[in-house]
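Here is how the chains run, residue by residue.
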Amino acid sequence: MLISYEKSIRNWEQFTKYGTLTADTRTEIAESWIRCREAGVDPLHGRGEQVSSEELFVRLSERKQLIAVARPVMDSVFQIIKSTVYGIVLTDQDGVILETVHNEDIEPECAKVNFFQGARWDERSVGTNAVGTALATGRPIQVLGGEHYCTSHHPWTCSAAPIRDSRGSIIGCLDLSGKAEDVHTHTFGIVVSAVISIQEQLNVMETHGLMDTVFNSMMDGLLLIDTDYRIERINSRLTSIFRLDADEIYRLNVREMLDAGEIEEAVFSRKQHLNYPDCTIKAGEHRIDCMVDIFPYEFNNRVLGAAILIREAGQVRKAVHQIAGFKANYSFGDIVTRHPVMLETIAFAQKIAKTDCTVLIEGESGTGKELFAQSIHQASSRANGPFIAINCAALPKDLVESELFGYEKGSFTGALREGSPGKFELADGGTLFLDEIGELSLEIQAKLLRVLDNHKVRRIGGRHERTLDVRVIAATNRDLQEEVALHSYRSDLYYRLNVINIQLLPLRERKEDIAELAKSFLYACNRESTGLPKKLSSSFLEALQEQEWKGNARELQNIVKRAFYVSESEIIDESHLPYGMRASRGEGGAAARRHGMTSFRDMEREGIKQALQACDGNAVLAAKLLNIGKSTIYRKIDEYGIRRK
């Protein structure tokens, strides 16, 4: 509660002359006086110290948001008190005055104590005053006449309240000062109310700033529309997705861009989330392949519009590639060989990897065509892009086109509702490996040739073409030149694929690589096993050297893996070979050949039987053990008439 002006003067004199505090001196004032005396403040001084222009510039910059919010509030307050001799002051957290709104009649008095922008008005500088004491205590205060520590302030009355940010830290102070004879408790209430208003607006501004940051830092484009499909707001990401300026986007017709009927029914009427996992948006002259999510936003149980999230297909597919493992796992360093021709082939492949030319890899099954394809991808500028492999021979004939080129929704019976991209689209920015390219029908060959020529793909049922950036590496174990001569393969496609040709030697022509490959396969088995590591005996390696290896490195890998699991000792020897391979090395070899048996078929049959026995008849586990496909093992079981149990 305020005391009279006269009593405040008497109390001040008692303290400054004799150092005693009277009973009616307010506690907050008494504590402030003590702080001022301990700080050595001269009670006969009281003029604000001016900071340098450079320091003031920094302080104004640091508190520009506070000033922007407080200035309109100060102007509003001034309209209320402009008929009185009052002034309004905004300071920062250190009591340095940032903004002032003065009545002209009070300016001469302000000049006497330097109550202007840039002056420091904390307690240490000018003693007890509403600004300095409010900042020192963290509480609003009203100071009258002699309650000021310095005599030059005794003609004044001041009311001030600290301004806090959303975390409670003091960032400034608002003060209302005038002549002591005009003191009124209402001025204190006005200041407190004004500070509350400033703090609330700062919190709103901070929230908006946070939302703007979130809004514009999203990886997705964001488009807000009202129920009349007018665009209310977009984020900065959308401009890069649409490749348009913001002004151009605001002029787009959302009804034409999206299915307005479906939005009206699902989003606006039923308040449901609408999702298009794969669609094409026409934004100006650009077609954007993307994923779209549309959410209703409502207030007071009424739908006001929709938020439309747009994610580029490339971003979606990149995430899919990471999850699905569409990447190359091997590089040239993983190719095991000492054969001079193979070493030359690797050097050549490393050289052409830097180009974007189409590559045709020819070689028997199991010679490492995909290993070379992955290595070329890894050594190329596309290494960070997807590597997608597809076996053309394994695709059902009626699904080849949709697998390669994709389809739009509803394009055929059984198609996904939202459509689906093909392998070419999924490989955009990377490499597509087409294995067994010789198995494609003439009809698909023609469509593939068109894609390779113009780098564009049209989905089944689609109305427009998508431009792609895909390197194609093809592989075959057939003689495509002979197929061309027999008119079963298009010559133009063959020459388009055969820009760069790589031919891989069969294992039987690289005898020096057999032992090294076997050891590398054994190393992989040992690494996967929890038991003691196993070794290959010299007799086992000698036996491997004598085989024809019609299945090449893949066959060798299966033999080593089978021997690893069959062997109960740490040494893998000749006894762990399949019967057919052992018989071909001994006296039984001739007899076996007389009975029409080949070592490879015997080996394969025996290997499958052993794997099924080890897996208790479970064909899926046996296929995994032998590193072959499920469909392959079932076919071989039928072919050889093997009983699973």
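None of the values given here were measured: they were computed from a predicted structure.

With that out of the way, let us pick up the sheet that holds strand E15 (residues 431-435). Sheet architecture is open: 5 strands sit in the order E14-E15-E18-E13-E19, paired in parallel fashion. Across the chains shown, the open sheet's two edge strands, defined by having one partner strand only, are strand E14 (387-391) and strand E19 (500-503). Shown here is a sheet whose adjacent strand axes are inclined to one another by a mean of 20 degrees, direction ignored. As paired elements, strand E13 (residues 359-362) and E19 share 4 bridges and run parallel to each other. Each residue of the ladder has a partner; that of valine 359, found in E19, is isoleucine 500.

Summed over the entire model, instances satisfying the criterion amount to 9 aromatic pairs. Look at tyrosine 229 and phenylalanine 268: their rings are 5.5 Å apart centre to centre, the planes differ by 55 degrees, and that puts the pair in the tilted class. Remark: phenylalanine 268 occurs in helix H12 (residues 260-269) and tyrosine 229 occurs in the loop between strand E8 (221-226) and strand E9 (231-234); sequence separation between them is 39 residues. Residues tyrosine 229 and phenylalanine 268 agree in their burial class; the two are buried. Consider the rings of phenylalanine 332 and phenylalanine 372, whose centres lie 6.4 Å apart with planes at 80 degrees: the pair is edge-to-face. Placement of phenylalanine 332 in the loop between helix H13 (313-324) and helix H14 (340-353) and of phenylalanine 372 in helix H15 (residues 369-378) is noted, with a sequence separation of 40 residues between them.

Two elements, E8 and E9, share 3 bridges in a ladder whose sense is antiparallel. Looking at the pairing, leucine 223 lines up with isoleucine 234 of E9. Counting the residues between successive antiparallel strands, the hairpin from E8 to E9 contains 4 residues, one of them, tyrosine 229, with a positive phi of roughly 70 degrees.

Formed by 32 residues in total, the largest nonpolar core has its most connected members in Phe242, Val292 and Ile294. Counting residues per element, the ones that place at least two in this core are E8, E9, helix H9 (236-242), helix H11 (254-257), H12, strand E10 (274-283), strand E11 (286-299) and strand E12 (302-312). Of all hydrophobic cores here, the second largest spans 31 residues; its members include Cys392, Phe405, Leu426 and Leu468.

Right, let's get into the domain arrangement of the protein chain. Once the domains are mapped, the protein chain shows domain 1 (5-211), domain 2 (218-319), domain 3 (327-503) and domain 4 (508-640). One C-alpha centre belongs to domain 1, the other to domain 3; they are set 77 Å apart.

Taking strand neighbours across the sheet as the criterion, the 5 strands line up as E9-E8-E12-E11-E10 in an open arrangement whose pairing is antiparallel. Edge positions in the sheet fall to E9 and E10, since each has one partner strand and no second. Between one strand axis and the next, the sheet turns by 30 degrees as a mean value, whatever way the strands run. As defined by bridge partners, E11 adjoins E12 across 10 bridges and the pair is classed as antiparallel. Bridging from a neighbouring strand, aspartate 293 pairs with leucine 309 of E12.

Now for the confidence of the model for the protein chain. Taken over all residues, the pLDDT of the protein chain has a mean of 87, while the share at 70 or more is 93%. Between residues 587-598, whose pLDDT stays under 50, and residues either more than four places distant or in other chains, the model counts 6 contacts.

A few words now on the environment of glutamate 483. With respect to the helices, strands and loops of the structure, glutamate 483 is situated in helix H19 (residues 480-485). Linking glutamate 483 and tyrosine 494, residues 11 residues apart in sequence, is a C-alpha distance of 9.6 Å. For glutamate 483, the side chain forms a polar contact with the side chain of arginine 478, separated by 2.7 Å.

This paragraph deals with the pattern of salt bridges. What the rule picks out here adds up to 35 salt bridges. The partner of arginine 59 in a salt bridge is aspartate 92, with the nearest N and O atoms 2.6 Å apart. Taken together, the positions of arginine 59 in helix H3 (residues 53-62) and aspartate 92 in strand E2 (residues 86-92) put the pair 33 residues apart, joining distant regions of the chain. Residue arginine 59 shares its accessibility class with aspartate 92, and that shared class is buried. Aspartate 356 is the salt-bridge partner of arginine 382, the closest N and O atoms lying 3.0 Å from each other. Taken together, the positions of arginine 382 in the loop between H15 and E14 and aspartate 356 in the loop between H14 and E13 put the pair 26 residues apart, joining distant regions of the chain. Residue classification places arginine 382 among the buried positions, given a relative accessible area of 6%.

This brings us to helix H27 (residues 619-626). Those residues of H27 not exposed but buried are Ala619, Ala622, Ala623, Leu625 and Leu626. Along the axis of H27, the buried positions cluster into a sector of 160 degrees, meaning they face one direction only. Structurally, the start of H27 carries an N-cap: the backbone nitrogen of valine 620 is 3.0 Å from a side-chain oxygen of asparagine 618. One or two positions beyond H27, positive phi appears at asparagine 627, with a value near 60 degrees.

Rules behind the numbers
- Here, residues in each chain are numbered from 1, in the same order as that chain's written sequence.
- Only residues with pLDDT of at least 70 are given local features in this predicted model, and only at 80 or more are side-chain atom pairs given and counted; all residues enter the totals for whole chains, interfaces and linings.
- To obtain the side-chain values, all non-hydrogen atoms of the structure were used and water was disregarded.
- When DSSP locates at least two bridges between a pair of strands, those strands are taken to pair.
- The way it works is that DSSP assigns letters per residue, a run of H or I at least four long becomes a helix, a run of E at least two long becomes a strand, and they are numbered from the N terminus.
- With axes taken as lines fitted to C-alpha atoms, and helix axes fitted only over the stretch in contact, angles between N-to-C directions fall between 0 and 180 degrees.
- Aromatic pairs are defined between Phe, Tyr and Trp rings, using the six-membered ring for Trp, whenever the two ring centres lie within 6.5 Å; interplanar angles under 30 degrees are classed as stacked, those over 60 as edge-to-face, and all others as tilted.
- Exposure categories follow from relative accessible area, calculated using a 1.4 Å probe and restricted to protein chains: below 20% of the type maximum is buried, above 50% is exposed, and the middle band is partly exposed.
- In this text, buried Ala, Val, Leu, Ile, Met, Phe, Trp, Tyr and Cys residues form a nonpolar core when linked through side-chain atoms within 4.5 Å.
- The split of the chain into domains comes from an automatic or database domain assignment.
- Per-residue confidence from the prediction method is given by pLDDT, with values spanning 0 to 100.
- Only heavy atoms matter for contacts: two residues are in contact if any of them lie within 4.5 Å across the pair.
- Two N or O atoms count as a polar contact when they lie within 3.5 Å, although within protein this holds only if one can serve as hydrogen donor and the other as acceptor, and sequence-adjacent residues are included solely when both atoms are side-chain atoms.
- One side-chain nitrogen of Lys or Arg within 4 Å of one carboxyl oxygen of Asp or Glu is enough to make a salt bridge.
- Picture the helix axis, draw a direction to every C-beta atom, and the arc is the one those directions span.

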